[in-house]
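Chain residues, written in single-letter form:
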There are 2 protein chains.
Amino acid sequence: MTIPDSQKNEYLYERIAAELEQQIQSGLLLRADKMPSIRNICTDYKVSMSTALQAYYRLESKGLIRPVSKSGYYVSYVKKFPALPSQSSPSYLMGKEDNSSLVSKVYDGISSDHMMLSLGCPSAELLPVAKLNKSTVQAIHHFRESGTGYEHIQGNTKLRRQIAKRSYVWGGRLEEDDVLTTAGCSSAMTHCLMALTKHGDSIVVESPVYFGILQLAKSFGLNVIELPSDPRTGIDLDALKAILKKGNIKLCLLISNFSNPMGGTMPVEHKKETVRLMEFYNIPLLENDMYGDLYFGTQRPVNCKAFDQSGLVLLCSSVSKTLAPGYRVGWLTPGRFAEEIRRIKFATSISSNALSQEAVAGFLEKDRYENHLRKLRTTLQANSLHYMDAIMKYFPEGTKVSQPPGGFMLWVELAPKVNTALLYEQAIKKKISIAPGKMFTLQDQYNHCMRLSYGHVWNKEVEQAIKTLGKLAG
Amino acid sequence: MTIPDSQKNEYLYERIAAELEQQIQSGLLLRADKMPSIRNICTDYKVSMSTALQAYYRLESKGLIRPVSKSGYYVSYVKKFPALPSQSSPSYLMGKEDNSSLVSKVYDGISSDHMMLSLGCPSAELLPVAKLNKSTVQAIHHFRESGTGYEHIQGNTKLRRQIAKRSYVWGGRLEEDDVLTTAGCSSAMTHCLMALTKHGDSIVVESPVYFGILQLAKSFGLNVIELPSDPRTGIDLDALKAILKKGNIKLCLLISNFSNPMGGTMPVEHKKETVRLMEFYNIPLLENDMYGDLYFGTQRPVNCKAFDQSGLVLLCSSVSKTLAPGYRVGWLTPGRFAEEIRRIKFATSISSNALSQEAVAGFLEKDRYENHLRKLRTTLQANSLHYMDAIMKYFPEGTKVSQPPGGFMLWVELAPKVNTALLYEQAIKKKISIAPGKMFTLQDQYNHCMRLSYGHVWNKEVEQAIKTLGKLAG
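Residues numbered from 1 in each chain as written. Chains lettered and ligands numbered in written order. Predicted model: local features only at pLDDT ≥ 70, side-chain atom pairs only at ≥ 80, totals over all residues. Heavy atoms only, no water.

1. Section: the packing of aromatic side chains
Residue and element names in this part refer to chain B. How we decide: Ring geometry is summarised as follows: Phe, Tyr and Trp rings, the Trp one being its six-membered ring, pair when their centres sit within 6.5 Å, and such pairs are stacked at plane angles under 30 degrees, edge-to-face over 60 and tilted between the two. By the criteria applied, helices consist of DSSP H or I runs no shorter than four residues and strands consist of E runs no shorter than two, each listed in order from the N terminus. Accessibility here uses a 1.4 Å probe with only protein chains present; expressed as a share of the type maximum, an area under 20% marks a residue as buried, one over 50% as exposed, and anything in between as partly exposed.
Considering all chains together, one arrives at 26 aromatic pairs over all chains under this definition. Seen from their ring centres, phenylalanine 211 and phenylalanine 440 are 5.6 Å apart, and the 65° between their planes marks the pair as edge-to-face. Here phenylalanine 211 is found in helix 8 (residues 211-219), whereas its partner phenylalanine 440 is found in the loop between strand 16 (435-436) and strand 17 (449-453), with 229 residues between them in sequence. Using a relative accessible area of 2% as the deciding quantity, one classes phenylalanine 211 as buried. Classification of phenylalanine 440 by relative accessible area gives buried; the value is 0%. Seen from their ring centres, tryptophan 411 and phenylalanine 440 are 5.6 Å apart, and the 90° between their planes marks the pair as edge-to-face. One end of the pair, tryptophan 411, is in strand 14 (residues 409-413); the other, phenylalanine 440, is in the loop between strand 16 and strand 17, with 29 residues separating them in the sequence. For the pair shown, tryptophan 411 and phenylalanine 440 are each scored as buried.

2. Observations regarding the interface of chain A and chain B
Our working rule: By definition in these notes, contact holds between two residues if any of their heavy atoms fall within 4.5 Å. Two parts placed together each lose some accessible area under a 1.4 Å probe, and adding up what both lose gives the buried area. We call two N or O atoms a polar contact when they sit within 3.5 Å, provided that within protein one can donate a hydrogen and the other can accept it, with sequence-adjacent residues counted only if both atoms are side-chain atoms.
The interface is formed by 54 residues belonging to chain A together with 54 residues belonging to chain B. Across the chain A/chain B interface, buried area totals approximately 4,400 Å², and carbon plus sulfur atoms make up 61% of it. Together, Thr148, Tyr150 and Arg343 of chain A form the three largest contributors to the area buried by chain A at its contact with chain B, with a combined 15%. Our count for the contact surface shared by chain A and chain B stands at 20 residue pairs in polar contact (both at pLDDT 80 or more). With seven residues, helix 11 (residues 338-349) of chain A is the single largest residue contributor to the side of chain A that touches chain B.

3. Structural notes on the relation of the copies chain A and chain B
Note the threshold: Only residues with pLDDT of at least 70 in both copies count here: their C-alpha atoms drive the least-squares fit that superposes the copies.
Mapping chain A onto chain B calls for a rotation angle of 180° and an axial translation of 0.0 Å; the resulting RMSD is 0.1 Å. The superposition operator between the copies reduces to a two-fold rotation axis. An overlap of 100% is found between the interface residues of chain A and their copies at the interface of chain B, pointing to a shared contact surface.

4. Quick notes on helix 12 (residues 354-365) of chain A
All names here are of chain A. Test applied: Here a helix's expected span is defined as the number of its residues, less one, multiplied by 1.5 Å.
When the terminal C-alpha atoms of helix 12 are compared, their 17 Å separation across twelve residues agrees well with the 16 Å that a helix rising 1.5 Å per residue should span. Burial runs high along helix 12: eleven of the twelve residues are buried. Put simply, asparagine 353 is the residue that caps the front of helix 12, since its side-chain oxygen is 3.1 Å from the backbone nitrogen of leucine 355.

5. Concerning the sheet that holds strand 14 of chain B
Test applied: Two strands qualify as a pair provided DSSP detects at least 2 bridges between them.
The antiparallel open sheet is built from four strands, whose spatial order is 13-14-17-16 (chain B). In this open sheet, the two strands that pair with only one neighbour each are strand 13 (400-401) and strand 16 of chain B.

6. Details of the environment of phenylalanine 307 of chain A
Residue and element names in this part refer to chain A. Inspection of the secondary structure puts phenylalanine 307 in the loop between strand 10 (285-288) and strand 11 (313-318). Given the relative accessible area of 22%, phenylalanine 307 is considered partly exposed. Between the alpha carbons of phenylalanine 307 and leucine 355 there is a distance of 33 Å; along the sequence they are 48 residues apart. Leaving out residues up to four positions away in the same chain, phenylalanine 307 has contacts with Val268, Lys271, Lys272, Val275, Glu279 and Val302.

7. Details of the sheet that holds strand 12 (residues 330-333) of chain B
All names here are of chain B. Note the following rule: Every axis corresponds to a line fitted to the C-alpha atoms, with the helix fit spanning only the stretch in contact, and the corresponding angles, defined between N-to-C directions, vary from 0 to 180 degrees.
Strand order in the open sheet formed by seven strands is 4-12-11-10-9-5-6, with mixed pairing between adjacent strands. One side of each edge strand has no neighbouring strand; the edge strands of this open sheet are strand 4 (180-182) and strand 6 (223-227). Adjacent strand axes in the sheet meet at a mean angle of 20° when their direction is disregarded. Pairing of strand 11 (residues 313-318) with strand 12 involves four bridges; the strand directions are antiparallel. Its bridge partner lying in strand 12, serine 318 is registered against glycine 330.

8. Observations concerning helix 2 (residues 38-45) of chain A
Residues and elements named next belong to chain A. To keep things clear, this is the line we draw: The reported arc concerns the directions from the helix axis to the C-beta atoms and nothing else.
Every buried residue of helix 2 is accounted for by Ile38, Ile41, Cys42 and Tyr45. Down the axis of helix 2, the buried set is contained in an arc of 100°. They therefore lie on one face. Exposed and oriented more than 90 degrees from the buried face of helix 2 are Arg39 and Thr43. Of the surrounding elements, those touching the buried residues of helix 2 are helix 1 (12-25) and helix 3 (49-61).

9. Let's talk about the pattern of salt bridges
Side-chain pairs of opposite charge can arise whenever the charged atoms involved come near each other. Threshold: By convention in these notes, a salt bridge is any Lys or Arg side-chain nitrogen within 4 Å of a carboxyl oxygen on Asp or Glu.
Inspection of every chain in the model, using the stated rule, returns 44 salt bridges over all chains. For aspartate 293 of chain A, the salt bridge is made with arginine 166 of chain A, and the minimal N-O distance between the two is 3.3 Å. Here arginine 166 of chain A lies in helix 6 (residues 157-166) and aspartate 293 of chain A lies in the loop between strand 10 and strand 11, a separation of 127 residues in the sequence. In this structure arginine 166 of chain A comes out as buried when scored by relative accessible area, which is 19%. Where lysine 250 of chain B meets aspartate 201 of chain B, a salt bridge forms, and the shortest distance between an N and an O atom there is 3.1 Å. Taken together, the residues span a long stretch of sequence, with lysine 250 of chain B in the loop between helix 9 (237-246) and strand 9 (251-255) and aspartate 201 of chain B in the loop between helix 7 (184-196) and strand 5 (202-206) at a distance of 49 residues. Among the residues examined, aspartate 201 of chain B registers a relative accessible area of 16% and is labelled buried. One continuous salt-bridge network, built from bridges that share partners, spans Arg166, Asp289, Asp293, Arg300 and Glu370 of chain A.

10. Observations regarding the side chain of serine 207 of chain A
With respect to the element layout, serine 207 of chain A can be found in the loop between strand 5 (202-206) and helix 8 (211-219). At 2.6 Å, the side chain of serine 207 of chain A and the side chain of tyrosine 446 of chain A are in polar contact.

Coordinates in, geometry out; function isn't part of it.
Written out as structure tokens, the structure reads:
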């Protein structure tokens, strides 16, 4: 691979780049593959480190490779992506469809011998179970009363400190007293809705929207107004403005980054503008940013809370998508509603699980969490490309797929004639579980859509499952 | 201690009983002391086992001693008990007093260097922390995914099986599918209130009533109707009948055994009658039986659920008062509302903490739980007598105290001029925390009452704290 002397000129790096580009274009280096290290390029091509770096900068500027912090460069080139799903267009009228039996069916059907493409969290193989166990055992040995006693109402201090510290990544500058721990993110959202809404109130959400939010709203007797949303940029701001102007909205509930299920991430300007709107109309924004740490880009996206000056943004999150769903460790920043929400947490739960909070706090305190996230992000991005590939290959032409730059979910739009509730029935017979689109709305829509999770270890079985789904969807 | 030959007649057992009685009366054997074993009586008095047993039966029939299953006999004689508090007489009108700041103050004031006579659970020294830790470590090693994955919505199967099994003790005959696990009893009550009530509905409770119930009701915008209650027999059935007859009651919420705070235990006939009333008016009964396992008598009291034929009784409980408050492991039997409550559990929490459920299930599976409960009950009963003694000795004459035959709480009624909210302020300066009576009502009453917990290791410091309280209350 030595470059002939005659070609050793000032544009040497271009030749290296060209050679690597050909390997990528020809499929020798596959998307999501790790590129050779800079050191190896130096050795292989007998060039200096700065030449090797220049070659990689060139490839990066062409969108062929991308750097992953502390891990090196990865192939990011994809020959052809499927088309994006269209922006959703729900009715502004409150939907009355009942999807609870479908949700129950899909979640009662959870079984370890099924291919769970419907699952709402990464599979255990991608989570640092052994290291977290160590943290838990440590908490048993060193935490007061081994975590058998009630935790303070506000939650574990060490955990709140870690959450506050991590908020600096998205410009949050939280302090530990701004944070209240909860039993997962659902619990956080429940506290907020209890504090801020009453039976019959109207709230605004994206559409499609995570079915748990619909069920929660139903439990509180709330009217859910689903707004048009874009697979890339999330909720439609004009629609939001229009509905707020009409009045009578009590609360706005958004997943701002890599939203579930469509994957939209609100651009920074949208986030700013949304916060400004909330302030103008004096309406609380319940912001769920549970997926934000799972970004594929070079840095974590900010959230709306970063622009909150008035305490109207209630940010909630958890470690359920990154560490341990079963631990039920989440939190929220109750902002100006702190006293009321604290009272509600006490009344409804007294305290959260003391042992799990301490274990997670211990895990976050060390670098282990960052190291784990880095690995998890790389795996998930590679998975997303594998899935995209497989869908292109096995699904009927015209299938549209969202391409979220983070998280672990795809929103798949099939031909209008396909009914994914029926597809679910056919797939489950073949031991494949999917989440039909109907689960994510209260209106009669998304019947030809589905959510697929790629939070699995990619292997032949997963590929086979996608192949089977593609055939069923044909 | 040999009985002279001349006295060895058929009434020998009477002489032994008389001698022991004198030791008790004179204070040589103190209340709650363990009596000599039957074997020791045989040796000491050189009599047969049947004679020794007859002597003890005689003492037991006089109420001087009591058998404790698998542990022997204990002195139960108390020279003089304080008078019982009077039956409560709240107004039938909805109270509007706001006690939340008082509750927050008392619970924010929780500190490890205070004498926490306000605490709502037994102290860690009385709980089997080390053995439970073993169970948790075992769960980490053997449970699927070490408990990091989501638990089934219905909850841990092994735990539900154990709860069902234990229901046979109170005649429950539950099956594992009748049980839904929750994050503690508060969470169970929250699910039920969410499923069965709406803002503005009226519910019936005892008075005084556990402040958490008042806060929960407030969070849901419910009208709380406090009914007269007796320190021995709990809620006044005539009052309950009258209010149900008037109509417009949506739900009845009772702690049927060793109620918090007054300690009343509904007699079996009251329990039967209450269930009958609920059926007649078709109103759900939310029954909290969290203290029932902490009985001082010879067997566990039954609960209302035992008489439920119609699925209207929603029983809820937890291990927070007997094993590990911080683990947040509770459950409920949703009866005929199973589907709705399951949906609400899913929407508000997805699942409960998987690891703690498995750990508690493992603990319950073995005999460890029964052995622990036996010890805990003995300690708590001894404590209750120590407290009673100390209150008699150090509190002003005329102080009235409840004498619940189980649990770990006393309801203390002082002279009407005493304000226990002020007493709290004075006591906390001396690092003693109490629960003022005002916390247990939404009306202007119980200002001269307080709840004291005896779930501590009895020692000089506790006695000193009671002495100090008595002086402050003088």
